Amino acid sequence: MDNIFEIPDNSSGEEIFEDILKKDNLEWFRLERIISFGNRSPEEGWYDQQWNEWVMVVKGEAVLEFETGASTELITGDHIFIEKNVKHKVSYTSDDCVWLALHFKERSN
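Read on for a plain summary of the structure. Quick caveat, the model's predicted, so the values are computed rather than measured.

## What to know about the layout of surface pockets
So, step 1. If you add up the space inside the largest pocket, you get close to 280 Å³.
So, step 2. For the largest pocket, the lining is made up of 16 residues, of which Phe17, Ile34, Tyr47, Glu53 and Val90 are closest to its centre.
So, step 3. For the lining of the largest pocket, the secondary structure elements donating two or more residues are β2 (29-36), β3 (52-59), β7 (88-93) and β8 (97-104).
So, step 4. Along the lines of polarity and charge, the residues of the lining of the largest pocket split into 8 nonpolar, 4 polar and 4 charged.
So, step 5. The volume enclosed by the second largest pocket comes to roughly 220 Å³.
So, step 6. Lining the second largest pocket are Asp2, Asn3, Ile4, Glu6, Pro8, Glu18, Asp19, Ile20 and Arg33.
So, step 7. The dominant element in the lining of the second largest pocket, judged by the number of residues it contributes, is strand β1 (residues 16-22), at 3 residues.
So, step 8. Split into classes, the residues belonging to the lining of the second largest pocket amount to 3 nonpolar, 1 polar and 5 charged.

## Some words on unusual backbone geometry
So, step 1. The backbone of Asn85 shows a phi angle near 65°, a positive value even though the residue is not glycine.
So, step 2. Looking at the element boundaries, Asn85 is found in the loop between β6 (79-82) and β7.

## Side note on a negative patch on the surface
So, step 1. Taken together, Glu61, Glu73, Asp95 and Asp96 make up a surface patch of like negative charges.
So, step 2. Following the sequence through the fold, Glu73 ends up in strand β5 (residues 71-75).
So, step 3. By relative accessible area, Glu73 is classed as exposed at 66%.

## Re the sheet that holds β5
So, step 1. Sheet architecture is open: 3 strands sit in the order β5-β4-β7, paired in antiparallel fashion. Strands with a single pairing partner mark the edges of an open sheet, and in this sheet they are β5 and β7. Across this sheet, the average inter-strand angle for adjacent strands is 25°, counted without regard to direction.
So, step 2. Both strand β4 (residues 61-66) and β7 contribute to a ladder of 5 bridges, which runs antiparallel. Opposite Phe66, over in β7, you have His88 as the bridge partner.

Criteria and cut-off values
Residues numbered from 1 in each chain as written. Predicted model: local features only at pLDDT ≥ 70, side-chain atom pairs only at ≥ 80, totals over all residues. Heavy atoms only, no water. 1 Å grid on protein atoms, 1.4 Å probe; cavity = no way out; pocket = protein on both sides within 12 Å on 5 of 7 lines; lining within 4 Å. Points joined across faces, edges and corners; volume = space filled by probe spheres on them. Helix = DSSP H or I, 4+ residues; strand = E, 2+ residues; numbered from the N terminus. Nonpolar A, V, L, I, M, F, W, Y, C, P; charged D, E, K, R; others polar. Patch = residues over 30% accessible without salt bridge, like charges linked within 9 Å, V, L, I, M, F, W, Y side chains within 5 Å. Areas by Shrake-Rupley, 256 points an atom, 1.4 Å probe, with all protein chains shown as cover. Salt bridge = Lys/Arg side-chain N within 4 Å of Asp/Glu carboxyl O. Lys, Arg positive; Asp, Glu negative; His and termini not counted. Charge placed at Lys NZ, Arg CZ, Asp CG, Glu CD. Buried < 20%, exposed > 50% of the residue type's maximum accessible area, 1.4 Å probe, protein only. Pairing = 2+ DSSP bridges. Axes fitted to C-alpha atoms, helices over the stretch in contact; angles between N-to-C directions.

Below, the structure written as structure tokens:
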């Protein structure tokens, strides 16, 4: 059994992305754990995803910025839903930030 709070050794300081649940027959659904070590998005550009995303900070702190100028501070236990094509970026994470991110698309008929 894996532990969501266990942080592996990471001398590079790069963010770690781990799929927790991804099924080949469910391309439109993925649950991942992200571990940030004070990481942030590049200054230039925005995430502009073709899928919805629900994120929760399960440990630590983070700040999301949106192209609209709004920003949202997240602490342990906080979560937010980001609709597809809403441009955003991460402007701050604590050195021990653990996220859960659920990515999904609407099913087309």
